[in-house]
Protein chains: 2
Amino acid sequence: MSNNANADNSSNIVWHQHNITKNERAELSKQKPCVLWFTGLSGSGKSTIANLLEQKLYSLSKHSYLLDGDNIRHGLCGDLGFSDKDRVENIRRISELGKLFVDSGLIVLAAFISPFRTDRDFARSLLDEGEFIEVFVDAPLAVCESRDPKGLYKKARRGEIQKFTGIDSDYQSPTHAEITVNTETHDAEACVEIIMNYLTENGFLK
Amino acid sequence: MSNNANADNSSNIVWHQHNITKNERAELSKQKPCVLWFTGLSGSGKSTIANLLEQKLYSLSKHSYLLDGDNIRHGLCGDLGFSDKDRVENIRRISELGKLFVDSGLIVLAAFISPFRTDRDFARSLLDEGEFIEVFVDAPLAVCESRDPKGLYKKARRGEIQKFTGIDSDYQSPTHAEITVNTETHDAEACVEIIMNYLTENGFLK
């Protein structure tokens, strides 16, 4: 066997046995990947806080990605409606998506009402210890309803939307959220600061 | 209105109106996001080349992510079987996934046999002009069958697997692939070099 063949052979071994890992990908942005799972009533402020947090992370050169109704409901989950079965499948796919994006090395922000504990716990179960950060965006129903940014509460009260969370469908508050932010008493920037402190103290931002 | 209120107000406007864009995220890794869609027979070398390409990109601090059967079939598409309907849905979800990962700013490597032109064209249709790069991993059936890295051709020949691409199911070669690599005449490293040249010449790596 020639030297050349030897060289090819050993380089094949090196190349084939080493796949780039989650931690290596995350190292490109000097961060620890995770899912920040925002849960709360419609109008509680999930999207506002998640968007603001993305901007804050970006200003520090951290690489994040926001999953929300806008980019999920029309694409990957465009075949799903709002039956109980479809809602479960919707959250299942988003959870699997969160796992893939964490594996890709990103800080994932998921902003969905996600009213049921079992669904949120399923998303948590797919990830390694510490990678799932449940963020309870807390505000009284009356406050959320008075904000009503999309006019959905009005429609629900008129009976034009059925099974609307907080009106005629249950919202199950988290019992073990890693972070709780109260948007009745804190503005979005204060909430983002609380989350940034958590990320810093727990080693997600290097 | 106090100065303080003015300041708060204007900062709200700045924060809320600007969501971080695909290009901004991609800028973190000085790259242009895209999907490299590897298509070819089982045993043609898709995974080997994709893994090698990932390592090459990583060595240049480029942020990529590989989608393949290993991370898709058990998770996001774990509810799907191998009927025609389920195969179509499988490729649909992977295509939507590719779109989301491109939106997140990454260079996406998708390695699936994906034997049908309509499926690959669907994946292409979800993306902006130039973002979808079809990579035909070309090798004669006899060569792929002699490699048979997973023993699948033997099973198919014995009739233990039905509708196996190349045996009793069609493979439709790309008619407009951006890149074709021939793994009968080129080793994996030479194929990766061809792909890297394409990415460089077309401005995907800055």
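This report concerns the structure included in the present document. The numbers attached to residues start from 1 for each chain and follow its sequence in the written order. Written order decides the labels, with chains lettered from A and ligands numbered from 1. Predicted model: local features are reported for residues with pLDDT of at least 70 only, side-chain atom pairs are reported and counted for 80 or more only, and whole-chain, interface and lining totals are derived from all residues. Based on all heavy atoms of the structure, the side-chain values leave hydrogens and waters out of the count.

**Some points on the pairing of strand β5 (residues 179-182) of chain A**
Residues and elements named next belong to chain A.
Logical step 1: Residue alternation in β5 divides its side chains into a buried set, Ile179 and Val181, and an unburied set, Thr180 and Asn182.
Logical step 2: Taken together, the four bridges between strand β4 (residues 132-138) and β5 define a ladder with parallel strand orientation. The partner of Val135 across the bridge, within β5, is Ile179. The buried label goes to any residue with under 20% of its type's maximum accessible area, the exposed label to any with over 50%, and the partly exposed label to all in between, with areas taken from a 1.4 Å probe on protein chains only. Helix and strand definitions follow DSSP, with helices as H or I runs of at least four residues and strands as E runs of at least two, each counted in order from the N terminus. A pair of strands counts as paired when DSSP detects no fewer than two bridges linking them.

**Thoughts on the relation of the copies chain B and chain A**
Logical step 1: Expressed as a screw transformation, the operator carrying chain B onto chain A has a rotation angle of 180° and an axial translation of 0.0 Å, and the superposed copies differ by an RMSD of 0.0 Å. The two molecules are tied by a two-fold rotation axis, judged by turn and shift. Here the copies are superposed with least squares, the fitted atoms being C-alpha atoms of residues at a pLDDT of at least 70 in both.

**Brief notes about the pattern of salt bridges**
Residue and element names in this part refer to chain A.
Logical step 1: We define a salt bridge as a side-chain nitrogen of Lys or Arg found within 4 Å of a carboxyl oxygen belonging to Asp or Glu. A complete count under the given rule lists 36 salt bridges over all chains for this structure.
Logical step 2: One salt bridge in this structure joins Glu131 and Lys22, with 2.6 Å as the shortest N-O distance. Highlighted residues: Glu131 in the loop between α6 (117-125) and β4 and Lys22 in helix α2 (residues 22-27), separated in sequence by 109 residues. Summarising the burial analysis for this pair, Glu131 and Lys22 share the class buried.
Logical step 3: Residues Glu89 and Arg92 are paired through a salt bridge, measuring 2.9 Å at the closest nitrogen-oxygen approach.

**Points about the packing of helix α5 (residues 84-103) of chain A against helix α5 (residues 84-103) of chain B**
Logical step 1: Here α5(A) crosses α5(B) at 55°, and the two axes come no closer than 12 Å. As far as their axial angle goes, α5(B) and α5(A) are oblique. Where α5(A) crosses over α5(B), the two elements pack in a sense that is right-handed. Along its contact with α5(A), which presents Glu89(A), Arg92(A), Arg93(A), Leu97(A), Leu100(A) and Phe101(A), the element α5(B) presents Glu89(B), Arg92(B), Arg93(B), Leu97(B), Leu100(B) and Phe101(B).
Logical step 2: Within the contact of α5(A) with α5(B), the residues separate by chemical class into six nonpolar, no polar and six charged. Structural elements are reduced to axes, namely lines fitted to C-alpha atoms, with helices fitted over the stretch in contact, and the angle between N-to-C directions of any two is expressed from 0 to 180 degrees. In what follows, roughly perpendicular refers to angles from 65 to 115 degrees, roughly parallel to angles under 35, roughly antiparallel to angles over 145, and oblique to any angle outside these ranges. Handedness of a crossing is defined here by the sense of rotation of the near helix relative to the far one, left-handed for an anticlockwise turn of less than a right angle and right-handed for a clockwise turn. Residue contacts are defined here by distance: any two heavy atoms, one from each residue, within 4.5 Å place the two residues in contact. Classification used: nonpolar for Ala, Val, Leu, Ile, Met, Phe, Trp, Tyr, Cys and Pro, charged for Asp, Glu, Lys and Arg, polar for all others including Gly.

The quantities given are spatial measurements derived from coordinates; they are silent on function.
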